[in-house]
Amino acid sequence: MNDTYDALGMSLNDWQILFAEWGEQKFRASQVCQWIYAKKEFAFDGMTNLSKSLREKLGGNIVMGFPVMIRQQVSKDGTRKFLWQLNDGAMIESVLLNHGGHKTACISSQAGCPLKCAFCETGANGFRRNLTRGEITGQFLMMEKVNGTDINNIVFMGMGEPLLNEDNVLAVIRSLNDKNMRNLGARHITISTSGIAPGIEDLADFEIPIRLSLSLHAPNDELRARLMPVNKQYPLQKLIASLRRYRERTGERITFEYALIDGVNDSPELAYETAALLDGLEPYINIIPFNPIPSRPDFKRSSPGRVRAFTEALSAMKIEFELRKERGGDIMAACGQLAGSV
Ligand code: SAH
Ligand code: SF4
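Residues numbered from 1 in each chain as written. Chains lettered and ligands numbered in written order. Predicted model: local features only at pLDDT ≥ 70, side-chain atom pairs only at ≥ 80, totals over all residues. Heavy atoms only, no water.

Undergrad: Let's hear about the domain arrangement of the protein: which residues, and what values?
TA: Split into domains, the protein comes out as domain 1 (7-61) and domain 2 (68-331). Listed per partner, the contact involves 12 residues of domain 1 and 16 residues of domain 2. Both faces considered, domain 1 and domain 2 share a buried interface measuring about 1,200 Å² in area, 67% of it formed by carbon and sulfur atoms. When the buried surface of domain 1 facing domain 2 is broken down by residue, Leu8, Tyr37 and Lys40 rank first, second and third, together holding 52% of it. For the pair domain 1 and domain 2, the number of links is 1 salt bridge. Viewed at the interface, domain 2 and domain 1 are joined by 4 residue pairs in polar contact (both at pLDDT 80 or more). (Domains from an automatic or database assignment. Contact = heavy atoms within 4.5 Å. Buried area = accessible area lost by both parts, 1.4 Å probe. Salt bridge = Lys/Arg side-chain N within 4 Å of Asp/Glu carboxyl O. Polar contact = N/O pair within 3.5 Å; in protein donor to acceptor, adjacent residues only side chain to side chain.)

Undergrad: Before we move on, could you go through the site of ligand 2 and cite the residues and values that matter?
TA: All residues adjacent to ligand 2 are Cys113, Leu115, Lys116, Cys117, Cys120, Gly123, Gly160 and Ser194. Among the residues forming the shell around ligand 2, the class breakdown is 4 nonpolar, 3 polar and 1 charged. (Near = heavy atom within 4 Å. Nonpolar A, V, L, I, M, F, W, Y, C, P; charged D, E, K, R; others polar.)

Undergrad: Outline the site of ligand 1, supporting the account with residue identities and numerical values.
TA: In the vicinity of ligand 1 lie 21 residues, with Phe119, Gly160, Ser192, Ser215 and His217 positioned nearest. At a separation of 3.5 Å, an oxygen atom of ligand 1 approaches a polar backbone atom of Thr193. Contact between ligand 1 and Asn291: a nitrogen atom at 2.9 Å from a main-chain N or O atom of the residue. Notes on ligand 1: free accessible area 530 Å², of which the protein chains cover 96%. At the level of elements, strand 8 (189-193), strand 10 (255-260) and strand 11 (284-289) are the ones that each hand at least two residues to the shell around ligand 1. Per-class residue counts for the shell around ligand 1 are 10 nonpolar, 9 polar and 2 charged. (Areas by Shrake-Rupley, 256 points an atom, 1.4 Å probe, with all protein chains shown as cover. Helix = DSSP H or I, 4+ residues; strand = E, 2+ residues; numbered from the N terminus.)

Listed below in structure tokens is the structure:
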């Protein structure tokens, strides 16, 4: 779909240019954005402060590129998983997490993922294409509409690698952050990346101070490349250099994701190696329970004893971390389990 004619892919500036071409007043642009992003009115005909002729012109020229919601599942812990169909038939998923009243949307940026991390079901199922701006924004806005509430946070931790669809992801973030559009605070937006070093360099210069999360999972090239083939393209030295630059330019603290897989990456020695690797970066580490996936029955979650030994080693090295709880595992909505299949 051509983003130019997809309402959900248009910035405020795009709307202003369009309305100038149509001989309409400039403030109409923010009116339309208010309808879509604040009032969740997704039919031009319902935008009642616009003239009937303008509504008809919009309806005839601009589409709303929402993915079609196929299914919503609710987990025992209140996590919701949404299955969407795109206009070419591709399927994607998003997750809505609810932590003590705070709602977080976990959004997909690609249909599938080309990076094939050994522990991730999305990667195991192959790659179809990048999502359009409308398909990304649409997941978020439609979840807000369906749930009838504002969602407080957006994390790009669904299907796909956001920094391989960087232009669209950053454009969506600009729109969601724009005061005249969704007005979502920069601190409430997180990109999670497997380590696309040039994309991290770009984020170091990005004008909106969003949060960055780095999927580490192993502290040396040999093991990391086995788990995450992307490490061959951007080995740790290169990756850490880009993270240092990001940290220097933005002053932001980076969160590192580390899923403990039994006997694979969970020894105390690897915890010490992780501490040494991240020295000087003031890391904050999220220790995530590995979520079992059908394609790798040999990968198991670490036992509580091994988790304790790993985290004790981190504590000994004065590394800050948090032990994450699994959420949505009963409906395959936990990290790494999104597959987009019906
Ligand atoms: N492609 C991006 C964002 C999507 S993956 C990235 O890799 O960062 C979101 C998070 O889930 C990443 O931290 C990823 O490493 C993690 N993850 C993937 N598979 C997992 C699994 N089976 N168990 C736990 N975490 C997993
Ligand atoms: Fe892609 Fe992230 Fe899954 Fe790796 S963990 S295959 S980068 S979605």
